[in-house]
Structures are given as C-alpha cells and as structure tokens.
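# Architecture at a glance
Residues per chain are reported as follows:
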Amino acid sequence: MKRHLQYHWWKYLLAVLLPVILWCVIFNAVTKPKQNEALRVLYIGDNLDTQRLQDELKAALPQMTDQSLLEITVAQSRPNGLALGELLTARQFEYDILILAQKDCPETVGQSFFSPLPVDAVSSITPYTESVEGKTVSYGIVLSEKTRFASCLTEPADCILFFSRESVNLAGKNGKGNKQDNAALCAAVFLLEETD
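The structure reproduced in this document is the subject of the present report.

Rules used in this analysis
- Residues numbered from 1 in each chain as written.
- Predicted model: local features only at pLDDT ≥ 70, side-chain atom pairs only at ≥ 80, totals over all residues.
- Heavy atoms only, no water.
- Helix = DSSP H or I, 4+ residues; strand = E, 2+ residues; numbered from the N terminus.
- Rg over C-alpha atoms; globule rule 2.2 N^0.38 Å.
- Buried < 20%, exposed > 50% of the residue type's maximum accessible area, 1.4 Å probe, protein only.
- Pairing = 2+ DSSP bridges.
- Axes fitted to C-alpha atoms, helices over the stretch in contact; angles between N-to-C directions.
- Contact = heavy atoms within 4.5 Å.
- Phe/Tyr/Trp six-rings, centres within 6.5 Å; stacked < 30°, edge-to-face > 60°.
- Expected span 1.5 Å × (residues − 1).
- Bend = angle between axes of the 7 residues up to and from the residue.
- Disulfide = S-S within 2.5 Å.
- Core = buried A, V, L, I, M, F, W, Y, C linked by side-chain atoms within 4.5 Å.

In terms of helices and strands, the protein chain carries six helices and six strands. The linear arrangement of helices and strands in the protein chain, starting from the amino end, is α-β-α-β-α-β-α-β-β-α-β-α. A globule of 196 residues ought to have a C-alpha radius of gyration of about 16 Å, yet the protein chain, at 21 Å, is considerably larger. A principal-axis box enclosing the C-alpha atoms of the protein chain has dimensions of 80 × 40 × 35 Å. Expressed as a percentage of the 196 residues in the protein chain, the buried residues total 38%.

Below, the structure is given as structure tokens:
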C-alpha cells in the first residue's frame with residue numbers, strides 16, 4: 001500500500017482538486033453578469049475618487065434608465081509602461097466609457113481608437129473633435145470643471161469622455177446591443193451634469 005501511494009498520490013490529489021476547480025469555474029461563469037447587465041467606466045489619469053463616483057452612479061442610474069444593471073464599476077488606471085494605444089485597445093472590450101485626462105491624449109486619439117460620436121448620443125455637449133480628411137469629426141465629449149465627474153477629481157484636470165466601440169450599452173448607436181440598453185448614454189448625461 002505504501003508503495004502504491006508513493007507512486008500514485010497525484011491521482012488522489014487530482015481527484016480531490018478537479019471537482020473543486022470545475023465547481024469554481026462553473027459558478028464564476030453562471031454568476032458573472034452579462035454585458036448588458038454591467039456598466040463599467042474607466043478613467044485613465046490621476047486623482048479620481050473612484051468610490052465616490054461609483055456610489056453616485058449607483059444611486060442615479062436606476063432613475064435614469066430601465067436597463068437592469070447588476071454591476072456598476074468605476075476604475076482608474078495609468079499606462080504603467082504600456083503604450084496608451086495598447087491600453088485603450090485592450091480596455092475597450094471591458095469598459096463602456098473611457099475617460100482620459102486631456103494632457104495624456106495623443107493628437108489623434110479619437111480617430112485612432114474610437115468611433116465617431118453618434119450625432120444624437122448626448123445633447124448640449126462640447127464635443128472633442130479632430131480633423132479627418134478636411135472634415136471636423138466628433139469623437140468624444142469634453143468634461144468641464146463644473147461637471148459631476150470633475151467634482152470627483154481631487155485635483156482639477158481637463159478630461160475627455162469616449163464611448164467604447166465594443167459597448168452594448170449605447171442603445172445600439174454603435175451597431176452593438178439593443179435599443180433599450182442605454183446605460184452608458186445615461187451615465188454620460190449624469191457625468192456631464194453641472195454642479196454648483
């Protein structure tokens with residue numbers, strides 16, 4: 001018996017660990033919210049009170065949209081050695097709204113990484129524009145220092161809000177998702193509201 005265990009112990013260990021690992025993977029997959037049940041905002045810059053902004057969005061969005069949201073997340077990031085382009089490309093698959101400190105924006109960030117802003121996406125905005133083949137195209141929204149978003153910054157910074165190309169929460173305005181899933185648009189309206 002000793003000899004058997006000496007050579008086959010790993011089989012018994014595998015028999016115990018495999019069901020636990022499978023259970024965790026399956027449970028994780030089942031409990032993870034669908035894309036249209038989560039709203040995720042990423043700020044690439046410094047000095048954002050992410051918890052405060054997340055709490056404010058959680059309080060406001062249920063009154064602004066009929067979309068069922070199981071998760072609302074606000075995160076902050078810095079490139080930390082990655083090229084900004086690599087970070088933006090990768091994060092568009094995870095986040096609905098990406099906000100960049102204007103000082104960190106490359107000259108053609110809009111046309112390089114984002115789709116043109118839907119004309120009727122958010123009314124009464126100051127658009128972030130770039131010149132493309134002699135035409136002015138809007139890619140994002142400038143967030144002034146009087147907005148709700150700016151009130152969550154510990155130090156003032158000029159910022160630009162962009163919508164992810166991959167978001168399913170833009171009421172189908174980017175060709176993805178359903179018309180009733182408008183949480184990202186509602187979040188943008190909330191972030192743009194002026195505060196006293």
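On we go from here.
Here we come to the sheet that holds strand E5 (residues 135–143). Strand order in this open sheet of six strands is E2-E1-E3-E6-E5-E4, and the pairing throughout is mixed. Two strands bound the open sheet, and with one partner strand each, they are strand E2 (71–77) and strand E4 (127–132). Pairwise comparison of adjacent strand axes, ignoring direction, gives a mean angle of 30 degrees for this sheet. Pairing of E4 with E5 involves six bridges; the strand directions are antiparallel. For Pro-127, the partnering residue across the bridge sits in E5 and is Ile-141. The sheet contacts of helix H2 (residues 50–64) involve strand E1 (38–44) and E2, and relative to E2 the element is tilted by about 155 degrees.

Now for the packing of aromatic side chains. Within this structure, the stated rule accounts for three aromatic pairs. Taking 5.6 Å as the distance between ring centres and 80 degrees as the angle between the ring planes, the aromatic pair formed by Tyr-128 and Phe-162 counts as edge-to-face. With Tyr-128 in strand E4 and Phe-162 in strand E6 (residues 159–163), this pair connects stretches of sequence that are 34 residues apart. Judged on exposure class, the residue Tyr-128 and its partner Phe-162 are both buried. Here the aromatic cluster, defined as three or more aromatic residues joined through ring pairs, consists of Phe-114, Tyr-128 and Phe-162.

A few words on H2. With 15 residues, H2 extends 20 Å between its outermost C-alpha atoms, agreeing within 8% with the 21 Å of an ideal straight helix rising 1.5 Å per residue. At Lys-58, H2 is bent by approximately 25 degrees, the largest bend along its length, and proline Pro-62 sits one to four residues beyond. Listed in full, the buried residues belonging to H2 are Leu-53, Gln-54, Leu-57, Ala-60 and Leu-61. Contacts made by the buried residues of H2 are with E1, E2, helix H5 (148–151) and helix H6 (183–192).

What follows is about the state of the cysteines. Two cysteines joined by a covalent bond between their sulfur atoms form a disulfide. Enumeration over the complete set of coordinates arrives at zero disulfides. As a non-bridged cysteine, Cys-105 has Cys-159 as the owner of its nearest cysteine sulfur, 8.6 Å distant. Here Cys-186 stays free of any disulfide, with the sulfur of Cys-152 as its closest cysteine sulfur at 18 Å. In this structure Cys-186 comes out as buried when scored by relative accessible area, which is 10%.

For soluble globular proteins, nonpolar side chains are generally found buried alongside one another. Leu-57, Ile-99, Phe-149, Leu-161 and Phe-163 are the most contacted members of the largest nonpolar core, which has 33 residues in total. Leu-42, Leu-87, Leu-88 and Val-109 belong to the second largest nonpolar core, which has 18 residues in total.

This part takes up the pairing of strand E3 (residues 97–101). Looking along a regular strand, one sees side chains alternate from face to face of the sheet. With five of five residues buried, E3 is to be regarded as a mostly interior element. Along E3, one buried face is formed by Ile-97, Ile-99 and Ala-101 and the opposite face, lined by Leu-98 and Leu-100, is buried too. Here E3 runs beside E6; their pairing, made up of five bridges, is antiparallel. What sits directly across from Ala-101, in E6, is Cys-159.

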